[in-house]
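Report on the structure
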Amino acid sequence: MKKMTGMLVFILMLAVVVTGCGNNGGAPSNNGGGNNAGSNGAGSSEGGASVDEIAQEGPLTINLDLPDNPVLSTGPNGEEAVSAKTLMLTEEELEELRAGNYTAAISLHYAGNDWSTAQVKGLQAAFARMGIEVIATTDANFKSEKQMSDIETLMARNPDVLVSIPVDAVTTATAYKKVVENGTKLVFMDNKPDGLEHGTDYVSVVSADNYGNGVVAAHIMADQLGGEGNIGVIYHDADFFVTKQRTEAFEKTIAEEYPNINIVERGGIAGPEDGEAVASALLTKNPNLDGLFVVWDVPAEGALSAVRIAGREDLVITTIDLGTNVALNIAQGGNIKGLGAQLPYDQGVAEAILAGYALLGKETPPYVAVPSLEVTQENILESWKTVYYEEAPNPIQQAAAAE
């Protein structure tokens, strides 16, 4: 009966996840977060994952067949990362959780992308196995005030667990402190609010290896440019931990390993819709740029539009996050030559497992990371399946077959 209830909860929640955002030109974000994957993909009938993608018997873990790439990221306070592949709930622990009749809520910074969709599906799938009812999922649309209001509304329903990614580490801190006062277990995606302490206030922070993905994007850029050229960097101009890590990793790798590649211009975006304008400004000032790094895939779509308008079919773009539109461009052999991909579905599963640890009174690490994944034209179809647990949408398959 418990399993049937969990499945019904999952089906109902798929219908009520609040998106409230446009597609920003069509594909997701980390944030990730600003950071995260693309829109129009994993949430549709052509892509994504489902509750059936985790084992329905035996211990609950993330996908243990994921790459064993070393995790290069550190946590918000410099903590060494613990691999998400080490997390596990036994069948006995799952039974104990099912007996607790617990509830959970999810507060997103932004829901209109593949990354968020996959995260929520991973959370729902794992919570369903744990017998934990997901009572609501909210979308702040990158607005701190909206997220603070969302959290207040969620706390009125008194969930046992809140899984959330803060829009802003400073302005949302007071709202999360009220969650702590409520006695709700807090698990964070990617970032944590200022002033909250591990073990006292929150369970853990779980992210992709954002530093590792930034390194991946740098190596792809250098390979495509033959180790020399002038490039621009489009970074996230906000106090967002994971997007800072990506940019830092990219720029440090270029500076230390590729002395003949010069970062000649940088431009900051406040949100995902700013990619085209910032890229256009960079290209106007530096019309002979050889490449652009864009901090995540949605603004990379905007940058791609600016590059097309400028007639720069030769310019190389690399980014982070495997969204539908960037995947299609990679498959077509377009300007976007590759990226470092997050694994949001497995990240969601890891977050749910850690919530289970907290409810059981188990010790939790302060920072957990999922491995990085290099994506290029050569492995685009395999990578899509690794990230989203489904075959790539038909247009991506057709483009890959044509190349």
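A brief structural summary. (Residues numbered from 1 in each chain as written. Predicted model: local features only at pLDDT ≥ 70, side-chain atom pairs only at ≥ 80, totals over all residues. Heavy atoms only, no water.)

**Description of the pairing of strand S5 (residues 185-189)**
Filter applied, for reference: A simple rule labels every residue: compare its accessible area, found with a 1.4 Å probe on the protein chains alone, to the largest value its type can have, and call it buried under 20%, exposed over 50%, or partly exposed in between. Helical segments are the DSSP runs of H or I of at least four residues, strand segments are the runs of E of at least two, and each set is numbered from the N terminus. We call a crossover right-handed when, viewed with the strands running away from us, the connection from the first strand over the helix to the second turns clockwise. Strand pairing follows a simple DSSP-based rule, namely that at least 2 bridges must link the two strands.
In terms of residue burial, S5 counts as a mostly covered element, since 4 of its 5 residues are buried. Crossover connection from strand S4 (residues 161-164) via helix H5 (residues 173-182) to parallel S5: handedness right-handed. Examined bridge by bridge, S5 and strand S6 (residues 204-208) share 3 bridges and lie parallel to one another. Across the sheet, residue Phe188 finds its bridge partner in S6, namely Val205.

**Comments concerning the pattern of salt bridges**
To keep things clear, this is the line we draw: The term salt bridge refers to a side-chain nitrogen of Lys or Arg lying within 4 Å of a carboxyl oxygen of Asp or Glu.
Inspection of the entire model under this criterion finds 11 salt bridges. A single salt-bridge network, built from bridges that share partners, covers Glu91, Glu95, Arg98 and Arg129.

**A closer look at the sheet that holds S6**
Taken together, the 7 strands give an open sheet; going across it, the order is S1-S12-S6-S5-S4-S2-S3, and neighbouring strands pair in parallel fashion. With partners counted over all chains shown, the strands left at the sheet margins are strand S1 (82-83) and strand S3 (133-139), one partner each. Taken together, the 6 bridges between strand S2 (residues 103-108) and S3 define a ladder with parallel strand orientation. Counterpart to Ala105 in the pairing with S3 is Ala136.

**Remarks on the nonpolar core**
We apply this condition: In this description, a nonpolar core means a group of buried Ala, Val, Leu, Ile, Met, Phe, Trp, Tyr and Cys residues linked to one another through side-chain atoms lying within 4.5 Å. Only heavy atoms enter the contact rule, under which two residues are in contact if any of them lie within 4.5 Å.
Among the nonpolar cores identified, the biggest contains 83 residues, and Leu60, Phe127, Met130 and Leu322 are the most heavily contacted of them. In terms of residue count, helix H11 (residues 344-360) provides more of this core than any other element does, 10 residues in total. With sequence-adjacent residues up to four places away left out, Met130 is seen in contact with Leu60, Leu89, Leu94, Leu97, Arg98, Ala352 and Gly356. Residues Ala105, Ala136, Val179 and Val205 belong to the second largest nonpolar core, which totals 18 residues.

**Overview of the environment of Ser280**
With respect to the element layout, Ser280 can be found in helix H8 (residues 275-285). Sequence-wise, Ser280 and Gly302 are 22 residues apart; in three dimensions their C-alpha atoms are separated by 9.2 Å.

**Examining the packing of aromatic side chains**
Given two aromatic rings, their pairing is described by the distance between the two centres and the angle made by the two planes. Threshold: Planes of paired rings set the category: under 30 degrees apart is stacked, over 60 is edge-to-face and the rest tilted, where pairs are Phe, Tyr or Trp rings (Trp by its six-membered ring) whose centres lie within 6.5 Å. Look at NZ for Lys and CZ for Arg. If either is within 6 Å of the ring centre and within 35 degrees of the ring normal, a charge sits over the ring.
Scanning the entire structure with this criterion turns up 6 aromatic pairs. Summarising the aromatic geometry, the rings of Tyr110 and Phe142 are spaced 4.9 Å apart at their centres and angled 20° between planes, so their arrangement reads as stacked. Here Tyr110, found in the loop between S2 and helix H3 (114-130), pairs with Phe142, found in the loop between S3 and helix H4 (144-155); they are 32 residues apart in sequence, far enough to count as distant. Clustering of aromatic rings is evident, with ring pairs tying together Tyr176, Phe188 and Tyr202. A cation over an aromatic ring shows up here: Arg266 above the ring of Tyr235, its NZ or CZ 4.3 Å from the ring centre. The lysine or arginine in question, Lys362, covers the ring of Tyr357, its NZ or CZ lying 4.0 Å from the ring centre.

**Side note on the sheet that holds strand S10 (residues 316-320)**
Here is the rule we go by: To define axes, lines are fitted to C-alpha atoms, for helices over the stretch in contact only, and angles between the resulting N-to-C directions are given on a 0 to 180 degree scale.
If you trace the 6 strands from one edge of the open sheet to the other, you get S8-S7-S9-S10-S11-S13, paired in mixed fashion. Each of the sheet's edge strands pairs with one partner strand only, and the pair in question is strand S8 (261-269) and strand S13 (373-376). Across the sheet, the mean angle separating the axes of adjacent strands is 20° when strand polarity is ignored. Sheet topology places strand S11 (residues 336-341) next to S13; 4 bridges connect them, and they run antiparallel. Along S13, the bridge assignment pairs Gly338 with Thr376. Along the sheet, helix H12 (residues 380-388) contacts S11 and S13; its crossing angle with S13, the most-contacted strand, is approximately 140°.

**Quick word on the environment of Val203**
You can see Val203 is positioned in the loop between S5 and S6. You can call Val203 buried: its relative accessible area is 6%. What Val203 contacts, discounting residues up to four positions off in sequence, is Lys185, Leu186, Val187, His198, Leu354, Ala358, Thr364 and Pro365.

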